[in-house]
Amino acid sequence: MTKKIGFLSFGHWTPHPTSATQTAADALLQSIDLAVAAEELGADGAYFRVHHFARQLGSPFPLLAAVGARTSRIEIGTGVIDMRYANPLAFAEDAGAADLIAGGRLQLGISRGSPEQVVDGWRYFGFEPADGESQADMARRHTLVALEALTGEQFAEPNPRPMFPNPPGLLRIEPYSEGLRERIWWGAGSDATARWAAREGMNLMSSTLKDDESGEPFHVQQRKQIEAFREEWAQHDHGFEPRVSVSRSIFAITNDLDRRYFLGSRDAEDQFGFIDSTRSVFGRSYADEPEPLIEDLRRDEAVEAADTLLLTVPNQLGVEYNAHIIESILTHVAPALGWR
């Protein structure tokens, strides 16, 4: 299967001499530079993680807009925006503006989020679950409001004496970017949330972590999650074909520096454990010379099933080295697997 291949950066920064990304400014500016480099190499996407109260990328839309202004072809996305923290109408405004700047290239991954740096951090942003709601319910409620706004739905009562003339009828969130609603992805951690995403007409974004629902290898469980999503999607008429992405840490060993960093990685096996009292499985990393790496990836059922692959990159190793990581996959691995 021909695949879109992009990178996913966590945007870490650390004020330490060994880090090439020591400040928040470094993380932001290097993210833009890596997106430009990835586009020049022929990659299809530049995606960024979003975490609050952390030395990582936190507010995505200024970054997405800046990447959109510096590039012309590459998809620009998130993986993922935590909707527990999001005002859904402000989200729709910011997303519409960034998408227009990028010429309609945004691919926004959103979700209920992951374990955070602080306890109930969304409370500091002014949000509380409604009576009887969990924080996951709140995230889904915010999501549904945002999705409705992204359709261009007119819902707001106009002022009869406005500062500027209004168009007739109710008003909508502006700016509106046509087509953006179909480019929203849900980061699903279970088969049930993958089905929910399909019912609500969102693309599927599946990471390297999911609920352990069978004890099977991670890639098998993730492939079954993809199948559940597509089965549910087929029961609804959303008017467009969905996409599915998976994330992987994949490193083609082509020089001595690669060997120093990644050969013999301890993450070559799936890991099982508990996160927030839920038994979870974390997928393995892949690091090897191209030929054995290609054979390993042939056996990854979820990578085979997805149409989009996001390569997680160690951003603190610098733009030049991360561009090398992306180029190695595009040159030495993707063609042999039929992804290019």
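The structure this text deals with has already been given above.
Conventions we followed
- Residues numbered from 1 in each chain as written.
- Predicted model: local features only at pLDDT ≥ 70, side-chain atom pairs only at ≥ 80, totals over all residues.
- Heavy atoms only, no water.
- Helix = DSSP H or I, 4+ residues; strand = E, 2+ residues; numbered from the N terminus.
- Buried < 20%, exposed > 50% of the residue type's maximum accessible area, 1.4 Å probe, protein only.
- Lys, Arg positive; Asp, Glu negative; His and termini not counted.
- Salt bridge = Lys/Arg side-chain N within 4 Å of Asp/Glu carboxyl O.
- Polar contact = N/O pair within 3.5 Å; in protein donor to acceptor, adjacent residues only side chain to side chain.
- Contact = heavy atoms within 4.5 Å.
- Axes fitted to C-alpha atoms, helices over the stretch in contact; angles between N-to-C directions.
- Parallel < 35°, antiparallel > 145°, perpendicular 65-115°, else oblique.
- Left-handed = near helix turned anticlockwise from the far one by under 90°.
- Nonpolar A, V, L, I, M, F, W, Y, C, P; charged D, E, K, R; others polar.
- Phe/Tyr/Trp six-rings, centres within 6.5 Å; stacked < 30°, edge-to-face > 60°.
- Lys NZ or Arg CZ within 6 Å of the ring centre and 35° of its normal.

Let us look at the side chain of lysine 3. Topologically, lysine 3 is positioned in the segment before strand S1 (4–9). Despite being buried, lysine 3 has no salt bridge partner; glutamate 304 is the closest side chain of opposite charge, sitting 5.2 Å away. Among the polar contacts made by the side chain of lysine 3, one reaches the main-chain carbonyl oxygen of glutamate 304 at a distance of 3.2 Å.

So, on to the pattern of salt bridges. For the structure on display, the rule yields 27 salt bridges. Note that arginine 279 is salt-bridged to aspartate 212, the shortest N-O span being 2.7 Å. Note that arginine 279 is positioned in strand S11 (residues 278–282) and aspartate 212 in the loop between strand S7 (209–211) and helix H6 (218–233), a separation of 67 residues in sequence. Given the relative accessible area of 15%, aspartate 212 is considered buried. Here aspartate 296 makes a salt bridge to arginine 284, at a shortest N to O gap of 3.6 Å.

As a further point, take the environment of leucine 144. If you trace the backbone, leucine 144 turns up in helix H4 (residues 135–150). Look at leucine 144 and you get partly exposed, because its relative accessible area is 37%. In this structure, the C-alpha to C-alpha distance between leucine 144 and proline 88, residues 56 residues apart in sequence, is 8.4 Å. Those residues in contact with leucine 144 that sit more than four places away from it in its chain are Trp196 and Glu200.

Turning our eyes to something else, we now look at the packing of helix H1 (residues 24–41) against helix H10 (residues 319–333). One way to put it is that H1 packs onto H10 with a least axis distance of 10 Å and a crossing angle of 30°. Comparing the axis directions of H1 and H10 gives the class roughly parallel. Viewed along their axes, H1 and H10 form a crossing whose handedness is right-handed. Between H1, through Gln30, Asp33, Leu34, Ala37, Ala38 and Leu41, and H10, the contact on the second element is made entirely by Val319, Asn322, Ala323, Ile326, Glu327 and Leu330. Looking at the contact of H1 with H10 residue by residue, the classes come out as 8 nonpolar, 2 polar and 2 charged.

In this section: the packing of aromatic side chains. The way to describe two aromatic rings as a pair is by their centre distance and the angle between their planes. In the structure shown here, the tally under the stated rule is 11 aromatic pairs. Ring centres of phenylalanine 53 and tyrosine 124 lie 5.8 Å apart, and the angle between their planes is 65°; this geometry places the pair in the edge-to-face category. In this pair, phenylalanine 53 sits in the loop between strand S2 (45–48) and helix H2 (60–70) while tyrosine 124 sits in the loop between strand S4 (106–111) and H4, placing the two residues 71 residues apart along the sequence. The class for phenylalanine 53 is partly exposed, based on a relative accessible area of 43%. Cluster of aromatic residues (ring-pair linked, three or more members): Phe53, Tyr85, Tyr124 and Phe125. A cation sits over an aromatic face here: arginine 49 above phenylalanine 10, 4.5 Å from the ring centre. Directly above the aromatic system of tryptophan 196 lies the positively charged group of arginine 140, at a separation of 6.0 Å from the ring centroid.

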